[in-house]
Amino acid sequence: ELRDAGEPTDGPEAQANAKRHRAWIAAGWQGRQPSADELAGLADMYVADERFAANYGGVEGAAYVRDALTHYALTELT
């Protein structure tokens, strides 16, 4: 929805979503927050693996999520 609305991946709404996404991952990792490298690696996998990309509306949607998560990882976690 954010991508379709024109929200840049480094915009405040996309970055708030990236923060929530990291917390969602941590919930599945028994509360351990992914590091910057782990988050960026997962984000790359969302694009590289069609099974993950399908959850984000295909490769274009997954690329948007990847870019938002990567920006978050680089600016907030390093």
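**Student:** Would you mind going over the packing of aromatic side chains with me for this structure?
**Tutor:** We describe a pair of aromatic rings using the distance from one ring centre to the other and the angle between the two ring planes. This model, assessed by the stated rule, comprises two aromatic pairs. Ring plane angle 35° and centroid distance 5.9 Å describe the contact between Tyr-46 and Phe-52, whose orientation is recorded as tilted. Using a relative accessible area of 4% as the deciding quantity, one classes Tyr-46 as buried. Their ring planes at 35° and their centres at 4.9 Å tell us that Tyr-46 and Tyr-56 sit as a pair that is tilted. On the criterion of sequence distance, the pair formed by Tyr-46 in helix H2 (residues 36-48) and Tyr-56 in the loop between helix H3 (50-53) and helix H4 (59-76) is long-range, its members being ten residues apart. The structure contains a cluster of three or more aromatic residues connected by ring pairs, namely Tyr-46, Phe-52 and Tyr-56.

**Student:** Looking at this model, I keep getting lost on H4. Mind explaining?
**Tutor:** Note that an α-helix has 3.6 residues per turn; residues three or four places apart therefore point the same way. Over its 18 residues, H4 runs 25 Å from end to end, which matches the ideal 26 Å to within 8%, given 1.5 Å per residue. Listing the buried residues of H4 in full gives Gly-61, Ala-62, Ala-63, Tyr-64, Val-65, Ala-68, Leu-69, Tyr-72 and Ala-73. Along its buried surface, H4 packs onto helix H1 (12-28), H2 and H3.

**Student:** Hey, could you run me through the pattern of salt bridges in this one?
**Tutor:** Note on pairing: side chains with opposite charge can pair once their charged atoms come close. One pass over the structure, following the stated rule, counts five salt bridges. Each of Arg-3, Asp-4 and Glu-60 takes part in a single network of salt bridges with overlapping partners.

**Student:** Explanation requested: H2 in the structure shown.
**Tutor:** The end-to-end C-alpha separation of H2 is 18 Å, in line with the 18 Å expected for 13 residues at 1.5 Å each. Where H2 is concerned, the buried positions are Ala-36, Leu-39, Ala-40, Leu-42, Ala-43, Tyr-46 and Val-47. Take H2 and look down its axis: the buried residues cluster within an arc of 160°, on one side only. Exposed and oriented more than 90 degrees from the buried face of H2 are Asp-37 and Ala-48. The secondary structure elements touched by the buried residues of H2 are H1, H3 and H4.

Calculation rules
Residues numbered from 1 in each chain as written. Predicted model: local features only at pLDDT ≥ 70, side-chain atom pairs only at ≥ 80, totals over all residues. Heavy atoms only, no water. Phe/Tyr/Trp six-rings, centres within 6.5 Å; stacked < 30°, edge-to-face > 60°. Buried < 20%, exposed > 50% of the residue type's maximum accessible area, 1.4 Å probe, protein only. Helix = DSSP H or I, 4+ residues; strand = E, 2+ residues; numbered from the N terminus. Expected span 1.5 Å × (residues − 1). Contact = heavy atoms within 4.5 Å. Salt bridge = Lys/Arg side-chain N within 4 Å of Asp/Glu carboxyl O. Arc of directions from axis to C-beta.

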